[in-house]
Every structure is written in structure tokens, then in C-alpha cells.
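Letter by letter, the chains look like this.
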Amino acid sequence: MDASTEELRDAHDVLSEWYAKNLVGVLESMPVERAMLDLFAELTLAVGAEVADVGCGAGRLLPYLAERGLSPRGVDLSPGMIEVARREHPGFAYDVANLRELPFEDASLAGVVCWFSLIYLAPGSRASAFAELARVLKPDGYLVAAFKHGDGTLRRNGPGSRVGRLGLDFDRYWLSAAEMEERFAATGLGPVFQGSTPPEGTEPPYGYMLVRKTGSKGA
């Protein structure tokens, strides 16, 4: 594990209790996010029910996905996040793993959720990460991603940010929709739907992308 990934993991270990406390019920006030997850669930169920939330954090999306008929499990780089997820949302399977080395067999999942978990990928790790996501999807399986629009360059949080005030920092890379689509396409994942929300305050526009595994690439 490289130093940047270790920094990201360790920071999220510290942030795990903050996530558990402050993100409760957030999805209820975000109709666009619910709509994207609903669309993903409806389409994915035609392929199967087994899905993974890759970068699941404290596990807040798993109950929502289960309520829509899916059988979700959570994966996160941070052992601290997985510990909190098991406590807050028991009854689901969880794994500590890097999204570049997922603990799933080839073509074993009907769907994958990447909810703001692709915003930490350095340029050199993007191709392998997107290929790994495609590897675990069944033919015709779906992947839904939420991300922050940007130009793909390195960002740090800074001392004035919430994370910075806790004495933490880690690398972030906000990708453009064009790069996201190109990287998915390179692994055999074709576009189904995409959209975005306007920027709010200091936050960039949020992007949402639903793709489907087609052909033999990434199998």
C-alpha cells in the first residue's frame, strides 16, 4: 500500500464516528441521489440481486439498497469505517479492501455502487481501479457512481476545512464527466444515464453516472 493510500485509510479511521453521527438521514433530503439509486436498483434486479457498495463508509446506503430488493454488501479501505458500519447497520456482510483489489470473483456481482469513492484516485491508479470494477460485474450488470466534477488534478483539504481542523488530510481528485465516461468505456462499461446538480457554496457540481457492462471487455 502506497503512502497516499495509507494516509487516506488512516484519516477515514478517525472520521468514522463523525460519519456515523452526521450522515444519518442525509439521503432522505437528497431526492436526486435517491432517484439515481432507485434507477440503479430497478435495472440491476433484472440481472440479479447481489451488489456491492464499494467505498461504503459507515454503511448508510446498504439499508436503502436492501429495501429496494437488492442484497448489498459493503467494502471500504478503512477498518474503522467497517467497524462502525457493522455496529450501525448489522445484518450485512462487510469487507476491508482496496477498490483496486476487490474481494470478489470475476463477473460475480449484478451491480456496484461507487458513491463518491472514485474521488481519491491518483492518475496512475485510475486505469487499474476502473478495470477492477468492471472485472467483478456480470455481463449486463450495472454500476452507479456519484462524484464531484473537476479537472482531475490533486487537491488537499487545507487547515480551514472540517478535515483539516481535525489535523487530517488526504489526496482528492475530482474527475470530469468526460474522463469518467472514457474510463468506463475503456473497460467495457457503456453509458445508460448521467446528470449533475448545480454547485452549492464552495462545493463543486455533483455528478451521477449509470453504466452497464457490455461485450467482453472487463470480463
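Structure: above.
The model shown is predicted, which means the values in this text are computed figures rather than measured ones. (Residues numbered from 1 in each chain as written. Predicted model: local features only at pLDDT ≥ 70, side-chain atom pairs only at ≥ 80, totals over all residues. Heavy atoms only, no water.)

K.L.:
So what exactly am I meant to see when it comes to the sheet that holds strand 1 (residues 50-54) here?
P.N.:
Within a sheet, adjacent strands bond to each other through the backbone by hydrogen bonds, running parallel or antiparallel. Strand order in this open sheet of seven strands is 3-2-1-4-5-9-8, and the pairing throughout is mixed. Each end of this open sheet is capped by a strand with a single partner; those strands are strand 3 (94-96) and strand 8 (189-196). Within the sheet, the average angular offset between the axes of one strand and its neighbour, ignoring direction, is 15°. Pairing of strand 1 with strand 4 (residues 109-115), which is carried by three bridges, proceeds in the parallel orientation. What sits directly across from Asp 53, in strand 4, is Val 113. Sitting on the sheet, helix 4 (residues 79-88) is in contact with strand 2 (71-76) and strand 3, with an inclination near 165° to strand 3. (Pairing = 2+ DSSP bridges. Helix = DSSP H or I, 4+ residues; strand = E, 2+ residues; numbered from the N terminus. Axes fitted to C-alpha atoms, helices over the stretch in contact; angles between N-to-C directions. Contact = heavy atoms within 4.5 Å.)

K.L.:
I'm lost on the pattern of salt bridges in this one. Help?
P.N.:
Pairing between side chains becomes possible if they bear opposite charge and their charged atoms approach one another. Taken as a whole and assessed by the stated rule, the structure comprises 16 salt bridges. The partner of Arg 87 in a salt bridge is Glu 88, with the nearest N and O atoms 2.8 Å apart. A salt bridge links Glu 179 to Arg 183; its shortest N-O distance comes to 2.8 Å. Of this pair, Glu 179 and Arg 183 both sit in helix 7 (residues 177-186), four residues apart, roughly one helical turn. (Salt bridge = Lys/Arg side-chain N within 4 Å of Asp/Glu carboxyl O.)

K.L.:
Even after reading the chapter, I still don't get the pairing of strand 4, so can you show me in this structure?
P.N.:
On a regular strand, each side chain points to the face opposite its neighbour's, so the side chains alternate between the two faces of the sheet. Most of strand 4 is tucked away: seven of the seven residues are buried. Judged from the six bridges that link them, strand 4 and strand 5 (residues 137-148) form a sheet pairing that is parallel. Within the sheet, the bridge partner assigned to Val 112 lies in strand 5 and is Leu 143. After leaving strand 4, the chain enters helix 5 (residues 123-136) and then returns to the sheet as strand 5, a path that is right-handed. (Buried < 20%, exposed > 50% of the residue type's maximum accessible area, 1.4 Å probe, protein only. Right-handed = clockwise from strand over helix to strand, strands pointing away.)

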